[in-house]
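# Geometric and topological summary
In case you want the letters, here they are:
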Amino acid sequence: MSDRAGYEVGYDAAGQVTIERMDEPSVPVPQVDAGTDGAGCHAPAAQMAAAARAAGKGDVLEQFARDYPRGPHDKPESMCPAFGSLRVGLRMRRVATVLSGSACCVYGLTFVSHFYGARRSVGYVPFNSETLVTGKLFEDIRESVHELADPARYDAIVVTNLCVPAASGVPLRLLPREINGVRIVGIDVPGFGVPTHAEAKDVLSGAMLAYARAEVEAGPVPAPVSGRADRPTVTLLGEMFPADPMMIGAMLAPMGLAAGPVVPVREWRELYAALDGVAVAAVHPFYAASIREFQAAGRSVLGSAPVGIDGTAAWLAGIGELLGIAKEKVAASQNAFLPAIRGALGQVPIKGRITLSGYEGSELLVARLLIESGAEIPYVGTACARSPWSDADREWLEAKGVKVKFRASLADDLGAMEAVKPDLAIGTTPVVQQAKQLAIPALYFTNLISARPLMGPAGAGSLGEVVNAAIAGKARMDSMRDFFEGVGAGDTAGVWEGDPNLRPDFRAAHQKKLDKAAKARKAEEMI
């Protein structure tokens, strides 16, 4: 709804919703001061979560807690989780994305999205303290989606609440479900509720699957642009290298099956085909909301993936058992592909001790493949939570003597690397940075490992070359460390004409200020 030239234009019935007010609440309601510059996004996570519950978002946070259980610490150190859902939306054809959040957050998210190859604009509805408190922000969002809803250009519009609007209770559920035939999908992806950007992909995928399932239940829906498969399909859950679905399809063919769509999907109609599959392969095990929608549609789910010899044999057998396929057909597929996988693993063996960590959700699968290639893997850390769909991989790894850490923190990953002193560290950017400072060869998991095929014979031989090349670079790492020895670290790094001016008195005075502020915060918590 907009207020221009002294009159109002009503677009839907949302303005008629009765709002219950409490003039004198018996319990103080926590507030998040958004500030004109979005300073509210810097509030402590506990304060933001309390404000969100007070604003009516308690059910959303409780569902997040069930879908994405946290570990012993608050949350893993990862990029803003909203990047995951934003990237899913930007990769879909005929889908527009609108963000509602602090300007600094939106800037960072759009920058990272375009850095990773997004080639379309990201919508943004700005706000300030006044529009947030008065409800004008919701009206601005509603007006924006009405202006954007062009059926000639879009099948759907995804509106995402970031931290401050989510904590303030901006009610995206009151947006119309569709405008001019364009679907409106509203989601909350607050950093204080969704632990990782990988799981935020599931937040949006689950919301779209729920919408599509309701459409299917209401009546006929259009077929995907690519058409329907001529055989029963297995839907694949989790982003993967483009060659992997084709390899999985080839392994399913002897069983009379075909690979279905990969969720997250690339167009809206693929959601219908995904729901139409006879089973779901949870290649990435953290898609809890999506799995809930598939199960509501009556679809069975199988964890793990066809990686390596043991993984492929067990996965094909699991598919056969799940769908009641004759053992002869399952054996035909196993006999066709297992020898090829064994041969590929033997062509490029890996010798060395490796620690592995990441936040993509495929860490356990990569570890299995490395072990069957000959590597020693004492530690695997993943930022994602443990789930029933990762149990098969976890049990296999633990039987090989691997320490598997779910919801691993940066301290966990660094501690394992420094204790093991591996021949190669595979991990996130800060892990790689620390490894190189210790003259340990390292590879960035996201760009150099997860961006490779993992399934079947193609996956079996994909990691050996890059891993062996990195391990062989140990002498170069030693020479680099020796070359830079003595240049200092932290605030003493660099070239100095004399000794660095450390000023311990300044450090001590500043530490006293920090200690005093910490005591004040502790005292406030006790009141």
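Coordinates for the structure precede this section.
About the thresholds
Residues numbered from 1 in each chain as written. Predicted model: local features only at pLDDT ≥ 70, side-chain atom pairs only at ≥ 80, totals over all residues. Heavy atoms only, no water. Salt bridge = Lys/Arg side-chain N within 4 Å of Asp/Glu carboxyl O. Buried < 20%, exposed > 50% of the residue type's maximum accessible area, 1.4 Å probe, protein only. Helix = DSSP H or I, 4+ residues; strand = E, 2+ residues; numbered from the N terminus. Polar contact = N/O pair within 3.5 Å; in protein donor to acceptor, adjacent residues only side chain to side chain. Contact = heavy atoms within 4.5 Å. Axes fitted to C-alpha atoms, helices over the stretch in contact; angles between N-to-C directions. Left-handed = near helix turned anticlockwise from the far one by under 90°. Pairing = 2+ DSSP bridges. Patch = residues over 30% accessible without salt bridge, like charges linked within 9 Å, V, L, I, M, F, W, Y side chains within 5 Å. Areas by Shrake-Rupley, 256 points an atom, 1.4 Å probe, with all protein chains shown as cover.

## So, the pattern of salt bridges
All chains considered together, the criterion is met by 22 salt bridges. Across the pair arginine 231 and aspartate 230 runs a salt bridge, and its minimum N-O distance is 3.5 Å. Take aspartate 230: its relative accessible area is 71%, and that puts it in the exposed class. Across the pair arginine 394 and aspartate 391 runs a salt bridge, and its minimum N-O distance is 3.4 Å.

## Digging into the side chain of glutamate 239
When you line up the elements, glutamate 239 lands in the loop between strand 8 (233-237) and helix 8 (243-252). Within polar-contact distance, the side chain of glutamate 239 engages the side chain of arginine 91 at 2.7 Å. For glutamate 239, the side chain forms a polar contact with the side chain of lysine 201, separated by 2.5 Å. Apart from the residues lying within four places of it in its own chain, the contact partners of glutamate 239 are Arg91, Lys201, Val263, Pro264, His284 and Tyr287.

## Some points on the packing of helix 13 (residues 363-372) against helix 14 (residues 391-399)
The contact between helix 13 and helix 14 brings their axes to 10 Å, and the two run at 35 degrees. Crossing angle aside, the handedness with which helix 13 passes helix 14 is left-handed. Of the residues in helix 14, those touching helix 13 at Leu364, Leu365, Ala367, Arg368, Ile371 and Glu372 are Ala392, Asp393, Arg394, Trp396 and Leu397.

## Topic: the sheet that holds strand 15 (residues 424-427)
The strand order 14-13-12-15-16 describes an open sheet built from 5 strands, whose pairing is parallel. Every interior strand has two partners, whereas the edge strands, strand 14 (403-406) and strand 16 (442-444), have only one. Between one strand axis and the next, the sheet turns by 10 degrees as a mean value, whatever way the strands run. Pairing geometry for strand 13 (residues 376-382) and strand 14, over 4 bridges, is parallel. Bridge pairing in strand 14 places valine 380 opposite valine 404. In the packing of helix 13 onto the sheet, the strands contacted are strand 12 (353-358), strand 13, strand 14 and strand 15, and the crossing angle to strand 13 comes to about 175 degrees.

## Brief notes about a nonpolar patch on the surface
On the surface, a nonpolar cluster with roughly 420 Å² of combined accessible area is contributed by Met480, Phe483, Phe484 and Val487. Note on placement: valine 487 falls in the loop between helix 20 (474-483) and helix 21 (504-526). Taking relative accessible area as the criterion, valine 487 reaches 35% and is therefore assigned partly exposed.

## Things to note about the sheet that holds strand 11 (residues 300-303)
Sheet architecture is open: 4 strands sit in the order 9-8-10-11, paired in parallel fashion. Two strands bound the open sheet, and with one partner strand each, they are strand 9 (258-263) and strand 11. Looking at each pair of strands side by side, their axes are set apart by 30 degrees on average, direction ignored. With 4 bridges joining them, strand 8 and strand 9 adopt parallel strand pairing. By the bridge assignment, leucine 237 is partnered in strand 9 with valine 263. Of the strands in this sheet, strand 8 and strand 9 touch helix 8, which is tilted by about 150 degrees from strand 9. Packing against the sheet, helix 9 (residues 269-276) makes contact with strand 8 and strand 9, and its axis sits at approximately 130 degrees to strand 9.

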